[in-house]
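# Notes for the structure review
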Amino acid sequence: MELTGRVALVTGGAVRIGRAIVEALAARGCGVAIHYRSSATEARVLAAAVRAAGGRAWVVRGALNGAADGARLLRRARRLAGRLDIVVNNAARYSRFPLRETTPAALAAEFGTNLFAPFGLTSAFANQGGRGVVINLLDRRIAANQPGACVYTLTKMALAEFTRLAALELAPLIRVNAVAPGPVLPPPGKGESWLREKAGVIPLGARPTAAQVAEAVLALVRMESVTGQVLYVDGGQHLL
C-alpha cells in the first residue's frame with residue numbers, strides 16, 4: 001500500500017513504540033490518528049509536531065477495555081479523519097502477576113485490552129468496507145515460555161492466532177499482519193541499566209530500537225502480497 005494520502009489509526013500512539021510508529025507513518029505522507037488513554041499532553045505535542053512538518057494529525061482519546069471500546073474508537077477516529085486505511089493495534093496492558101495470584105478481574109482486564117479491543121477495532125474496520133491493512137503489535141515472548149507474566153503472554157499468543165485467523169477471513173480486502181518486538185524500551189520508572197540486565201541474550205548483540213519496530217510496521221503495510229505473518233524484531237531472541 002502506498003502511504004501518501006492514506007490515514008492510519010495508531011492506538012497508544014502518543015508515547016514509546018506507538019510514538020515511533022506515528023512519526024514513521026507521518027514522515028511517509030500518511031495522516032495519523034493518535035489514540036491515547038491518559039497521555040493527553042504527549043498526544044497533543046506529537047500531533048502539533050506532525051502538523052508543523054506539513055503532515056495531517058488528529059488526537060482521539062478512549063479507553064480500550066474490550067471489543068465495544070475498540071469499535072467505538074474506530075468510528076470516532078474515522079469521523080475525525082474522514083477515512084481510515086490502516087489500523088495499528090499497539091496499545092497494551094502489561095502486568096506481571098504470578099499465576100497463583102492472578103485474580104479473575106486481572107485476567108479479564110488484560111484480555112480486554114490486549115485481545116478483545118483489537119478484535120473490536122479490526123471488526124469495525126472491516127465493516128466500514130473497502131481495502132485496508134491491520135498491524136498487531138505482539139511480543140517476542142510468544143515464541144518462548146517465560147515465567148512471571150503468564151497472563152500478558154497468553155494475551156499476545158492469542159492476538160498472534162487472531163492475526164492469522166483474521167488474515168484468512170478478511171482476505172482479499174483486508175490484510176492482517178503482526179510485529180513482535182523484543183526488549184526495546186525499559187518499563188516506565190526503569191532505566192537503561194535495568195533493561196540491559198533484564199534483556200537476556202540477544203544473538204545479534206544489540207537490542208532493537210523503537211524506530212526499527214516502526215520500520216517493520218511500515219514494511220508490512222507496504223507489502224501487498226503478505227498477510228497472516230508475524231515479523232520478529234528482537235535481535236534473534238525468538239530463536240533461543
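Just above sits the structure.
Below, the structure is looked at part by part.

Conventions used here
- Residues numbered from 1 in each chain as written.
- Predicted model: local features only at pLDDT ≥ 70, side-chain atom pairs only at ≥ 80, totals over all residues.
- Heavy atoms only, no water.
- Buried < 20%, exposed > 50% of the residue type's maximum accessible area, 1.4 Å probe, protein only.
- Helix = DSSP H or I, 4+ residues; strand = E, 2+ residues; numbered from the N terminus.
- Pairing = 2+ DSSP bridges.
- Right-handed = clockwise from strand over helix to strand, strands pointing away.
- Axes fitted to C-alpha atoms, helices over the stretch in contact; angles between N-to-C directions.
- Contact = heavy atoms within 4.5 Å.
- Parallel < 35°, antiparallel > 145°, perpendicular 65-115°, else oblique.
- Left-handed = near helix turned anticlockwise from the far one by under 90°.
- Nonpolar A, V, L, I, M, F, W, Y, C, P; charged D, E, K, R; others polar.
- Phe/Tyr/Trp six-rings, centres within 6.5 Å; stacked < 30°, edge-to-face > 60°.

With respect to burial, strand β5 (residues 132-137) is a largely interior element, six of its six residues being buried. Pairing analysis gives four bridges linking strand β4 (residues 86-89) to β5, with the strands arranged parallel. Residue pairing across strands places Val87 opposite Val134, the latter belonging to β5. Each parallel crossover has a hand, and for β4 linked through helix α4 (residues 104-127) to β5 it is right-handed. Where β5 meets strand β6 (residues 174-181), six bridges bridge the pair, whose relative direction is parallel. Paired with Val134 across the bridge in β6 is Val176. In this region the chain leaves β5, passes through helix α5 (residues 150-170) and returns to the parallel neighbour β6; the handedness of that crossover is right-handed.

With that settled, consider the sheet that holds β4. Spatial strand order, β3-β2-β1-β4-β5-β6-β7: seven strands in an open sheet with parallel pairing. This sheet does not close on itself; its edge strands, each paired only once, are β3 (57-61) and β7 (230-233). The mean inter-strand angle of the sheet, taken between neighbouring strand axes irrespective of direction, is 20°. Where helix α7 (residues 210-222) meets the sheet, it contacts β4, β5, β6 and β7, and its direction lies at approximately 160° from that of β6.

What follows concerns the packing of helix α1 (residues 16-27) against helix α2 (residues 40-52). When two helices pack together, their arrangement is given by the angle between the helix axes and by the axis-to-axis distance. α2 packs onto α1 with a crossing angle of 15° between their chain directions and a minimal axis gap of 11 Å. With respect to α2, the axis of α1 lies roughly parallel. α1 and α2 meet at a crossing whose hand is right-handed. Two secondary-structure elements touch here, α1 through Arg19, Val22, Glu23 and Ala26 and α2 through Glu42, Leu46 and Val50. Along the lines of polarity and charge, the residues of the contact of α1 with α2 split into four nonpolar, no polar and three charged.

So, about the environment of Gly205. As for its placement among the helices and strands, Gly205 is situated in the loop between α6 (192-198) and α7. With relative accessibility at 65%, the residue Gly205 sits in the exposed group. Taking the C-alpha atoms as reference points, Gly205 and Arg79, 126 residues apart in sequence, are found 45 Å from one another.

Counting across every chain of the model gives three aromatic pairs. For the pair Tyr94 and Tyr152, a centre-to-centre distance of 4.7 Å together with 90° between the ring planes defines the contact as edge-to-face. A residue pair is termed long-range when its members are at least 10 positions apart, and Tyr94 in the loop between β4 and α4 and Tyr152 in helix α5 qualify at 58 residues. Residue Tyr152 is classed as buried on the basis of its relative accessible area, which comes to 7%. For the ring pair Phe119 and Phe162, a centre distance of 5.2 Å and an interplane angle of 35° mean the geometry is tilted. Remark: Phe162 occurs in helix α5 and Phe119 occurs in helix α4; sequence separation between them is 43 residues. Residue Phe119 is classed as partly exposed on the basis of its relative accessible area of 43%. Residue Phe162 is classed as buried on the basis of its relative accessible area, which comes to 13%.

Such coordinate-based values are descriptive only and should not be taken to indicate function.
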